[in-house]
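Okay, here's what each chain looks like letter by letter:
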Amino acid sequence: MPLSAAVISGVQNLVLYETRARYFLVGSNHAQTKHRVLKIDRTEPKDLAIIDDKHVYNQQEVRELLGRLDLGNRTKMSQKGSSGLSRAVSAYGIVGFVRFLEGYYIVLITKRRKMADIGGHSIYKIEDTNMIYIPNDSVRVTHPDEARYVRIFQNVDLSSNFYFSYSYDLSHSLQYNLTLLQRPCDPGTVEEVHTRSSRQQDSFDIFEDEGLPTQVFHGLQSEPYAKYVWNGKLLERVKDMVHPDWLMYIIHGFCGQSKLLIYGRPVHVTLIARRSSKFAGTRFLKRGANCEGDVANEVETEQIIHDASVMSFTAGSYSSYVQVRGSVPLYWSQDISTMMPKPPIRLDQADPYAHVAALHFDQMLQRFGSPIIILNLVKKREKRKHEKILSEELFPAVINLNQFLPPEHCIDYIAWDMARYTKSKLYNVLDRLSMIAENVVKRTGFFINRSDFFCHTLRPDERWGDLGGSLTSSGRVQTGVLRTNCVDCLDRTNTAQFMVGKCALAYQLYALGMIDKPKLQFDTDCVRLFEELYEDHGDTLSLQYGGSQLVHRVKTYRKIAPWTQHSKDIMQTLSRYYSNAFSDADRQDAINLFLQVYQPSESKPHLWELPTDFYLHQRNSMALAHDRRSYTYWWSEGILSYLPLPYDEVPCEENMKKVGVRRVNRYDESIDTYTEFFKPYELTSFDDTFCIAMTNSARELMPKTVGVDPSPFTVRKPEETGKSAVIGAKSSKEETVVQRKTAASAPPPPSEEQISSSSEDDSEDDRDDDGSVSQRSTPVKLLAESGESLRTQEDFLQQSMRETYGLNLAVFPAEEDMLIYERFAYLGQNQHKLERTEPSALENAINVVPVSCFATDSIYEVSSPQVDKDNREVFEGHVLTGLGQVRALCREDVLMYREYIKNRYM
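The text that follows walks through the structure, step by step, so that each part is easy to find. The shown structure was predicted, so the numbers you read here are calculated from the model rather than taken from an experiment.

Some remarks on the overall build of the protein chain
Helix and strand counts for the protein chain come out as 28 helices and 25 strands. Here the protein chain holds 906 residues, and 48% of them are scored as buried. Contacts spanning at least 24 positions in sequence make up 70% of the contacts within the protein chain whose residues lie at least 6 apart. Accessible surface, the protein chain as shown: approximately 47,100 Å² in total, 52% of it carbon and sulfur.

Digging into the pairing of strand 13 (residues 265-275)
Within strand 13, ten of the eleven residues are buried, which leaves it mostly tucked inside the rest of the structure. Relative to strand 13, strand 12 (residues 251-262) runs antiparallel, the two sharing ten bridges. When the sheet's bridge partners are listed, S258 is paired in strand 13 with V269. Where strand 12 hands over to strand 13, the hairpin turn is made up of two residues, of which Y263 adopts a positive phi near 55°. Sheet topology places strand 13 next to strand 14 (residues 299-307); nine bridges connect them, and they run antiparallel. Looking at strand 14, one finds that V267 is bridged to D307.

Points about the side chain of N177
Secondary-structure assignment places N177 in helix 3 (residues 174-181). For N177, a relative accessible area of 11% gives the class buried. If near-sequence neighbours (up to four positions away) are discounted, N177 is found in contact with Y168, D169 and H172.

What to know about a positive patch on the surface
On the surface, K380, R381, K388, R420 and R432 cluster together into a patch of positive charge. With respect to the secondary-structure elements, R432 resides in helix 9 (residues 429-444). On the basis of relative accessibility, which here comes to 32%, the residue R432 falls in the partly exposed class.

Notes on the packing of helix 9 against helix 12 (residues 491-511)
Orientation of helix 9 relative to helix 12, taken along the N-to-C sense of each, is 55°, at an axis distance of 9 Å. The pairing of helix 9 with helix 12 is recorded here as oblique in orientation. In terms of crossing hand, the pair formed by helix 9 and helix 12 is right-handed. Across the interface between the two elements, L430, L433, S434, A437, E438, V441 and K442 from helix 9 touch T495, A496, M499, V500, C503, A504 and Y507 from helix 12.

Describing the nonpolar core
As a rule of thumb, nonpolar side chains are buried together in soluble globular proteins. In this structure, L433, V441, F446, F498, L509 and L520 are the most contacted members of the largest nonpolar core, which totals 55 residues. At the level of elements, strand 12, strand 13, strand 14, strand 18 (372-376), helix 9, helix 12, helix 13 (525-546) and helix 14 (554-558) are the ones that each hand at least two residues to this core. Counting residues per element, this core draws most heavily on helix 12, at twelve residues. With residues up to four places along the chain from it excluded, the contact list for L509 reads L260, V267, I305, M514, I515, L520, C526 and F713.

Some thoughts on the layout of surface pockets
Each pocket or cavity is described by its volume, and for the second largest pocket that value is around 1,300 Å³. Along its surface, the second largest pocket is lined by 42 residues, and Y225, A226, K227, S277 and K278 are the ones closest to its centre. Mapped onto the lining of the second largest pocket, the elements with two or more residues apiece are helix 5 (232-235), helix 6 (355-368), helix 16 (614-617) and helix 17 (653-656). No other element matches helix 6, which puts four residues into the lining of the second largest pocket. Class assignment for the residues of the lining of the second largest pocket results in 17 nonpolar, eleven polar and 14 charged.

Some details on the pattern of salt bridges
Counting across every chain of the model gives 30 salt bridges. For K54, the salt bridge is made with D52, and the minimal N-O distance between the two is 4.0 Å. One salt-bridge network, held together by shared partners, links R274, E300, E302 and R367.

Basis of the calculations
- Residues numbered from 1 in each chain as written.
- Predicted model: local features only at pLDDT ≥ 70, side-chain atom pairs only at ≥ 80, totals over all residues.
- Heavy atoms only, no water.
- Helix = DSSP H or I, 4+ residues; strand = E, 2+ residues; numbered from the N terminus.
- Buried < 20%, exposed > 50% of the residue type's maximum accessible area, 1.4 Å probe, protein only.
- Contact = heavy atoms within 4.5 Å.
- Areas by Shrake-Rupley, 256 points an atom, 1.4 Å probe, with all protein chains shown as cover.
- Pairing = 2+ DSSP bridges.
- Patch = residues over 30% accessible without salt bridge, like charges linked within 9 Å, V, L, I, M, F, W, Y side chains within 5 Å.
- Salt bridge = Lys/Arg side-chain N within 4 Å of Asp/Glu carboxyl O.
- Lys, Arg positive; Asp, Glu negative; His and termini not counted.
- Charge placed at Lys NZ, Arg CZ, Asp CG, Glu CD.
- Axes fitted to C-alpha atoms, helices over the stretch in contact; angles between N-to-C directions.
- Parallel < 35°, antiparallel > 145°, perpendicular 65-115°, else oblique.
- Left-handed = near helix turned anticlockwise from the far one by under 90°.
- Core = buried A, V, L, I, M, F, W, Y, C linked by side-chain atoms within 4.5 Å.
- 1 Å grid on protein atoms, 1.4 Å probe; cavity = no way out; pocket = protein on both sides within 12 Å on 5 of 7 lines; lining within 4 Å.
- Points joined across faces, edges and corners; volume = space filled by probe spheres on them.
- Nonpolar A, V, L, I, M, F, W, Y, C, P; charged D, E, K, R; others polar.

Next comes the structure, spelled out in structure tokens:
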């Protein structure tokens, strides 16, 4: 069966050319070998007329085409003057096309920044966009409210946490993307697509008469998951009119990547958060769920761990774990007209049969499989009922739904009052969360694309045997998901998700063979790196939904946060209150307009005239549904038969219709990830190829002092970390003394005048100036004349070598080792006294056992290396070729040359 690979978009660099009658959008791949042209009519005042040129141009053809367009659009008056075809803007992708009350606009990505790399697939963040009006000024029909709609639309800052990729589907999880590559393809579909593509290109094979085989790959391109795509509506108008390479889908949320160095072995830790575009909005304006089961503030968080020393998806080791946060799936809201910090919670509609919850959990069963585990963190005991209202409604809804499900696939419900535990001095919040996380990860399992190591069989761990999920021939698959919620799904939820992610990270590293037990401790470099990544993730999501950063962090629940953190928490609370009271309404209007939930029309009220957007998000509020779902069989057809596996990842007929398959050559540019990432066809620099400024555990978290364990899994003291060592030197006299004691030499504690806010390098200079013992300036005497001097020398050697090399020498070097050192020292002293013509004198000076494979090998001469027969034949072949005498090519050379010709010229 042919191997499969993801299709790389053929449109990565765009140039928009302008004439009075048309826009010409020229898109090319990164190698500039294939070009496509999109023609946009500018004479239509309100309609979008696009023509996609099906022909694929090479570089010479597209230059000739642009030259003819330039010549044909020049007027008689300007033959010698300005060009008829002008270059308007360069871009990296199309966000979409949007229309308000006048004509259409095109939104282009003009700046991007690389944020992460997964298996050679680059993930970019949008840095800047350009919104261009398409119709010509001569046909433009102006409207007085057009400018206001443009301002509202641009309130969605596309340069803030929007991400895209040319070759990796960000709307799906890593488990889905890699499972898709292992899925068998339908031969009928493959042949049909291959035939159609061959007719379009009209290519021929110059080697077809030789009967040489060609290795065929299946290029796969799946439909994105619509819930997490934010420009789906903006591309809907042109989706069926243009080639799929023009369509680039973006997600909103968070993407961060850090490097964990395990004794020099790089392991990349990637965190991707996908925010749902359904029922999207701000904190108090979007609560609960809509009539279709979409909940507010729904975010899917995926942590990906992979060994960065191997890039390929097929040969590398990749692991992922997914969890979800989202508002309580009920009809509820909060009235913000009272200007209260905590408006009362109000249940809007009665739902005795849990219809909206059934729709929501049906989506989750279809995407994640079973079991679905709910971790409800809202308060249980309150003087005045507030959060408790939600728990009293959610628990009966889950009970009602579970009575119709098979017992092995029931929804698990865990209710835990996290706020009450935090206030108590008798309980440790994170210990309790750690127990919950352990049980959750054991039930759901995680994804990994490789089978167990043999060391897991030799040294089995009891927790590894109890791990859930589904075993496959190539590894493990996560079945089910944890769904965490509090009221806002911000502070408490982020801490709970961090603890679950920390537990899953331990199992992932154990599965990859990085640690010997699936357990990680706090205050290690690995957990600190992961905690920083999760705090950035939480701050970003909190800003998007709540208007401020996190108020309570992991350190707050560990009760080790500094006293300055309390003032920061107060400022974040005030910022969140201000945002919710004054700016959330404008942000909600911008989101509704960007997602095309509201589409302007002259026959409808304007967006700012609507008293509420409730009817925009509740489609059945204006008309009764024709097909009412069953209250007992509340799941979609076919889901139960595949549980616990997720229905979306099953190779059934319905899912295969969502995947486009085409037969391509192994070295075709559309699937060649190696060429796409390393770009061997152009001159590149390290700064361009490795441009991700990711956090490095060895550089930023490992202690700067020498002689410590470099393992990122070693528990450190708070003053031992790389960051706090520098910060502490600026703030505390005691920490400065500790820092000086751990440096290369150990002078007595300095006085207050000697303590400065300099770094460790400045401190070392101070110590050298003070006349302290320096390892660099003190000669090492190898032989001692007395026992007292011997002990002194031993103590000094042990201290200096321990600080320099991290070795604790319990005894003085052995006599045999000292003899070897003396021989080499003697050789160095006498190297200029020996003549080159007397090799025997060198042998008499020192008797060293030769370790080289050469017969003669010294500091003066070395015998010529022996060359085997195959290498001599290769060299002789190159010499004869230079003289014009070409030998007959073997079969391997013909195959290699054939692939080169096809990729370069066909």
